Amino acid sequence: MPVVRALNRVVRQALAAPPCGYQPLAVAVRNISFSPRQVTSDASFHSVSFSETDHPKVLITGGLGQLGVGLAKLLRKRFGKNNVILSDIRKPPSNVFHSGPFIYSDILDYKNLREIVRGGGGERALARAVNITGLHNILDIAAEHGLRLFVPSTIGAFGPTSPRNPTPDLCVQRPRTIYGVSKVHAELMGEYYHHRYGLDFRCLRYPGIISADSQPGGGTTDYAVQIFHDAVKTGKFECNLKPDTRLPMMYIDDCLRATLEVMEAPADTLSMRTYNINAMSFTPEELAREVQRQLPDLQITYDIDHVRQAIADSWPMNFDDDNARRDWGWKHEYDLPELVQTMLNFIGAESRVAQAS
Ligand SMILES: NC(=O)C1=CN([C@@H]2O[C@H](COP(=O)(O)OP(=O)(O)OC[C@H]3O[C@@H](n4cnc5c(N)ncnc54)[C@H](O)[C@@H]3O)[C@@H](O)[C@H]2O)C=CC1
Ligand SMILES: CC(=O)[C@H](N)C(=O)O
């Protein structure tokens, strides 16, 4: 297929290129999409084995954030190292650069993005540009080249007038943050392209994602990542949300597996193109209690950030993901106790290594 050939050329270029010299972008704008070539309609995550030549080629944009590096690792295991290209506008750390193909790609630069596919080559305004203009570029190029496109959405795509406990897939969506508005726009645009042009668009609404191998980036749910770092390093944690603020959360391994599974689900099993996915739901107080089971000396204080609190109070408390479970067999593996144990093991081991060296 032309796309496969095109991406093969990019892979060769990426392998030959020196580490790129672009300065890191300071603003944490969330955007990631991955666009594997169409896989067969009966493909399933557990049963299909691709031949060497039949692997999809995957491009992950915005890949140096919290999720992209882990997603690349998972997809490379499955599809082969050189079939998954990581891209971002930041310079990759050397371990990431050496772990597989990496290229510079700014999704606001339509020509650059198109060249990549063809083989030639927080701040509000920026958040809007990246999440809206960048998305338009990706949609147009994916439609033009017949790519399968994944765009992540979020619990932030809901707002104060949405039902919160639980929040179903289809309901009022009137978020009041530019992040949420841009995600609703992405969901609607992707579905429009699907119905109008046949684009194979797939989208998951992620809960807050908890992972140990990157630093929390200041999102509303990031207190649930910070607590683990602070608990291990200082034994104290100051939470910026009220103790009873309930939000849906998920461990990163579940999030990455869900992404792969929905991308490989046969098209005729998908009754919709944008799904909620859920794992657990907890409050800061409940999370702290579970961490204190392992680290009883942990001290928790609260200093509420009113902007974040207002956002959290407008987001789902529990996510209804019955459609994902029914249509393509979504099943989470991590509940709160396993999450806490895994995070503490990971961060504890890292901190012991740092102390020893
Ligand atoms: N991490 C979470 O808890 C959740 C994440 N999501 C969604 O998952 C996706 C990935 O999230 P994270 O990895 O946490 O994001 P992140 O904010 O950690 O990383 C975003 C990446 O995009 C890059 N970027 C910024 N402008 C760019 C541009 N013009 N072109 C190309 N790359 C650019 C940045 O350099 C950064 O590496 C996002 O779409 C986010 O909305 C949804 C719900 C929860
Ligand atoms: C839930 C999200 O989309 C994000 N991680 C945030 O907390 O801002």
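Further up the page is the structure itself.
So, here is what we can say about the structure in this document. (Residues numbered from 1 in each chain as written. Chains lettered and ligands numbered in written order. Predicted model: local features only at pLDDT ≥ 70, side-chain atom pairs only at ≥ 80, totals over all residues. Heavy atoms only, no water.)

Thoughts on the sheet that holds strand E7 (residues 208-210)
Hydrogen bonding along the main chain pairs the strands of a sheet, whether they run parallel or antiparallel. For the record, the criterion: For two strands to be treated as a pair, DSSP must find no fewer than two bridges joining them. Only DSSP runs of H or I reaching four residues or more are called helices, and only runs of E reaching two or more are called strands; each is numbered from the N terminus. Helix axes use the C-alpha atoms of the stretch in contact, all axes being lines fitted to C-alpha atoms, and the angles between their N-to-C directions lie in the range 0 to 180 degrees. Here, residues are in contact when the closest pair of their heavy atoms is within 4.5 Å.
The strand order across the open sheet formed by 3 strands is E7-E9-E11, and the pairing between neighbours is mixed. The open sheet is flanked by E7 and strand E11 (280-282), the only strands paired with a single partner. Mean inter-strand twist for the sheet, computed between neighbouring axes without regard to direction, equals 45°. In this fold helix H8 (residues 252-264) packs onto E7 and strand E9 (247-251), with an angle of close to 80° to the strand it touches most, E9.

Quick look at the pairing of strand E6 (residues 200-206)
Rules: Per-residue accessibility, obtained with a 1.4 Å probe over protein chains only, is compared with the maximum for each type, and a residue is labelled buried under 20%, exposed over 50%, and partly exposed between these values. Viewed with both strands pointing away, a crossover whose connecting path from the first strand over the helix to the second turns clockwise is right-handed.
Within E6, 7 of the 7 residues are buried, leaving the element largely enclosed by the surrounding structure. Neither face of E6 is exposed, since Asp200, Arg202, Leu204 and Tyr206 on one face and Phe201, Cys203 and Arg205 on the opposite face are all buried. Where strand E5 (residues 148-154) lies against E6, 7 bridges are found, and the strand directions are parallel. Opposite Val151, over in E6, you have Cys203 as the bridge partner. In the classification by handedness, the crossover that spans E5, the intervening helix H6 (residues 178-197) and the parallel E6 is right-handed. Pairing of E6 with strand E10 (residues 274-276), which is carried by 3 bridges, proceeds in the parallel orientation. When the sheet's bridge partners are listed, Leu204 is paired in E10 with Tyr275.

Some thoughts on the packing of aromatic side chains
We apply this condition: Aromatic rings from Phe, Tyr and Trp, with only the six-membered ring used for Trp, were paired whenever their centres fell within 6.5 Å, and each pair was classed as stacked if the ring planes differed by under 30 degrees, edge-to-face if by over 60, and tilted otherwise.
With the rule as written, the count across this model stands at 8 aromatic pairs. Judged by centre distance (6.2 Å) and plane angle (35°), the ring pair of Phe150 and Tyr206 falls under tilted. Separated by 56 residues along the polypeptide, Phe150 in strand E5 and Tyr206 in strand E6 bring together distant segments of the chain. On the basis of relative accessibility, which here comes to 7%, the residue Tyr206 falls in the buried class. Ring centres of Tyr193 and Tyr197 lie 5.1 Å apart, and the angle between their planes is 65°; this geometry places the pair in the edge-to-face category. Placement of the pair is Tyr193 and Tyr197 together in helix H6, with a separation of 4 residues, close to one helical turn. Residue classification places Tyr193 among the buried positions, given a relative accessible area of 11%. Members of the aromatic cluster, joined through ring pairs, are Tyr192, Tyr193 and Tyr197.

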